[in-house]
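Breakdown of the fold
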Amino acid sequence: MSRRATAPRRAVLVACACAAGCGGASARGEAPATRAPAARAAAEAIAAPVEDPWADATASPAPLAAATTAGDAELFALCGAGDAALTSVARAIADRAVDLAPAGARGPEDGAARAAPAPALDAASLEEALRAAGEPHVAPRATILRGGGGRAPIAARLRAWSDASPSIGERRCGVARARGADGGEAVAAVAVDALADLAPLATRAHAGTWLTVDARLLTPADGARVVVAGPDGAPRSVPSRVDGGRVVARFAPDRPGAFVVQVVADVAGGPRPVLEARVFADVEPSRAPARAPGEDAAAPSARPDDALAAMVASVRDAARLPPLERDPRLDALALAHATAMRAARSVAHDAGDGDPARRVESANISAGVVGENVAHAATAALAHRALYASPSHRANLLRPAFRRVGVAALADRDGSVWAAEIFTGDPR
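Every value quoted in this text rests on a predicted model; they were computed, and no experiment measured them.

Turning to the sheet that holds strand S3 (residues 141–146), a few remarks are in order. Working definition: the strands of a sheet are paired by backbone hydrogen bonds and lie parallel or antiparallel to each other. If you walk across this open sheet you meet the 4 strands as S2-S4-S5-S3, and the pairing is mixed. Looking along the sheet, the strands with just one partner apiece sit at the ends: strand S2 (81–82) and S3. In this sheet, strand S5 (residues 185–194) lies alongside S3 in antiparallel orientation, the contact comprising 6 bridges. Opposite alanine 142, over in S5, you have valine 190 as the bridge partner.

Listed below in structure tokens is the structure:
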């Protein structure tokens, strides 16, 4: 969204409310900085790319057959409406996790297995797994529950996890169980908030071939649009038709490579991507993590906020865009918003502290245009990677009209980072 701030209602250029990895994976375990090598290895093994082939198309919903859910009806009732694509991802996670349980995970004398700490799930890999399964919703969250002693303890912990993540839109879920050779059990759950659904969009295409994006909004929205990002460079908004909650747009990949397609809706809390798909033009699909330009720009000893600022500067330099002046007043606003998101446990443009334009105005900062990127990720570098990978966020990073920036990367108790970047243009 690109509009200038004008009274009485200030328009605000905001990328969206969340990027890959924000509000993402959740698991019981130690903070990343204190995890033992064995636990880190377990986390990497669970998050490693799966070799299953990519789905032929991205679409939703993907209802589960009644026979599939019958055995775990109670768990699905606690987690959300069963979804076949989410369940396939949960099954892969459970299969990996069950054989990685640490030794000695036995409980009292009755032999019941107790809950063992689960390794943290890499949120970016989790989101990529959804894309490969043909599931278009963003900001998935997941948990791994280990233990025995019957279904009741597992159900109680799943309920607690589900209740800790209030939903917006329609909650959908995948649940899977796996049992290891030693009799240990793991249950994995993956949930998303469905704010829209997508008609099938082909995963593979040829450069120059027209494709149709056809989405149906499930929540009230003031507007919506389709944004497409190619292998590199600035993303572009595609002319979109919004009619009665239906969003339709057509685009053609302009060269070989991997393209990210997002449907961005103006919903409560600000603009946010509600659907995302990958389209591979004349190349084979790949889950290899794509590093973002600028990831290595910061010194290893740099503070997370300084590291994030260096990455933003490197991206703009590579694109031959004017450098951004880092403004201490915007830094303070970014830090206050990151703090509000951390307290709310939610990534949003309005975490109870007002939208970005209102916050900038309240600080008596004159700006012709305002933008904001927000994310929650394991590190500042992964937050930057997620933001660059998202078309609507990359648009903010590469917008020529921006002149100043404020950056915050606030650590959480689990070692993860709540990131906020506030951009402004020339004073009015």
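Within the largest apolar cluster, 26 residues are counted, with the highest numbers of intra-cluster contacts made by Val213, Val226, Phe251, Val274 and Val279. Those elements that provide at least two residues to this core are strand S6 (196–198), strand S9 (211–217), strand S10 (224–229), strand S13 (246–251), strand S14 (257–267) and strand S15 (270–281). When residues no more than four places from it in sequence are discounted, the contact partners of valine 279 are Leu201, Ala202, Thr203, Ala205, Leu211, Phe251, Pro253, Gly257, Ala258, Phe259 and Val261. Core analysis: the second largest hydrophobic core is formed by 24 residues, Leu308, Val312, Leu397 and Ala409 among them.

Moving on: the confidence of the model for the protein. For the protein, per-residue confidence averages 80 on the pLDDT scale, and residues scoring 70 or more make up 78% of the total. Contacts for the low-pLDDT stretch residues 1–46, under 50 throughout, to residues beyond four places or in other chains number 143 contacts. Here residues 102–120 is modelled with pLDDT under 50, and outside its nearest four sequence neighbours on either side it reaches 44 contacts, counting other chains as well.

Another aspect to go through is the pattern of salt bridges. The tally for this structure, following the rule as stated, stands at 28 salt bridges. When the shortest N-O distance is used, the salt bridge between aspartate 306 and arginine 303 registers 3.5 Å. Judged by relative accessible area, aspartate 306 falls into the partly exposed class, the value being 30%.

Our next topic: the sheet that holds strand S18 (residues 404–411). Here we have 4 strands laid out as an open sheet, ordered S16-S18-S19-S17, and mixed in their pairing. Of all strands in the sheet, those with a lone pairing partner are strand S16 (325–326) and strand S17 (370–377), marking the two edges. Against the sheet, helix H7 (residues 304–318) makes contact with S16, S18 and strand S19 (417–424), and its axis sits at roughly 140° relative to S18, the strand it touches most. Where helix H8 (residues 328–344) meets the sheet, it contacts S16, S17, S18 and S19, and its direction lies at approximately 35° from that of S18.

A word on the state of the cysteines. Under the definition given, this model contains 1 disulfide. The disulfide partner of cysteine 79 is cysteine 173, and the S-S distance across this bridge is 1.6 Å. On the S-S bond that ties cysteine 79 to cysteine 173, the torsion sits near 70°, and the link is right-handed. Of this pair, cysteine 79 sits in helix H3 (residues 73–79) while cysteine 173 sits in strand S4 (residues 170–179), placing them 94 residues apart in sequence. Neither cysteine 79 nor cysteine 173 differs from the other in exposure class; each is buried.

This brings us to the pairing of S19. Across the 8 residues of S19, 8 count as buried, placing the element largely inside the fold. Residues Val417, Ala419, Glu421 and Phe423 line one face of S19 and the alternating positions Trp418, Ala420, Ile422 and Thr424 line the opposite face, and both faces are buried. Bridge count between S17 and S19: 8 bridges; the pairing is antiparallel. Each residue of the ladder has a partner; that of asparagine 373, found in S19, is glutamate 421. Taken together, the 8 bridges between S18 and S19 define a ladder with antiparallel strand orientation. Note that in S19 the partner of leucine 410 across the bridge is tryptophan 418. If you look at the hairpin formed by S18 and S19, you'll find 5 residues sitting between the two strands, and glycine 415 has a positive phi there, around 90°.

A few words now on the pairing of S4. Judged by how many residues are buried, S4 sits mostly within the fold: 7 of 10 residues are covered. For S2 and S4, the ladder comprises 2 bridges, and the chain directions are parallel. Counted as the bridge partner of glycine 82 is cysteine 173 from S4. Looking at chain direction, S4 and S5 are connected through 10 bridges and run antiparallel. What sits directly across from alanine 176, in S5, is alanine 188. As consecutive antiparallel partners, S4 and S5 are separated by 5 residues, and within that stretch glycine 183 has a phi angle of approximately 90°, a positive value.

What follows concerns H8. Taking 1.5 Å of rise per residue, the 17 residues of H8 would be expected to cover 24 Å, and the 24 Å separating its terminal C-alpha atoms lies within 8% of that figure. For H8, every residue scored as buried is listed here: Leu330, Asp331, Leu333, Ala334, His337, Ala338, Ala340 and Met341. Sitting at the amino-terminal end of H8 is aspartate 327, which places a side-chain oxygen 2.8 Å from the backbone nitrogen of arginine 329. In the segment just after H8, arginine 345 is the residue with positive phi, at about 55°.

What counts, and where the lines are drawn
Residues numbered from 1 in each chain as written. Predicted model: local features only at pLDDT ≥ 70, side-chain atom pairs only at ≥ 80, totals over all residues. Heavy atoms only, no water. Pairing = 2+ DSSP bridges. Helix = DSSP H or I, 4+ residues; strand = E, 2+ residues; numbered from the N terminus. Core = buried A, V, L, I, M, F, W, Y, C linked by side-chain atoms within 4.5 Å. Buried < 20%, exposed > 50% of the residue type's maximum accessible area, 1.4 Å probe, protein only. Contact = heavy atoms within 4.5 Å. pLDDT = per-residue confidence, 0-100. Salt bridge = Lys/Arg side-chain N within 4 Å of Asp/Glu carboxyl O. Axes fitted to C-alpha atoms, helices over the stretch in contact; angles between N-to-C directions. Disulfide = S-S within 2.5 Å. Expected span 1.5 Å × (residues − 1). Polar contact = N/O pair within 3.5 Å; in protein donor to acceptor, adjacent residues only side chain to side chain.

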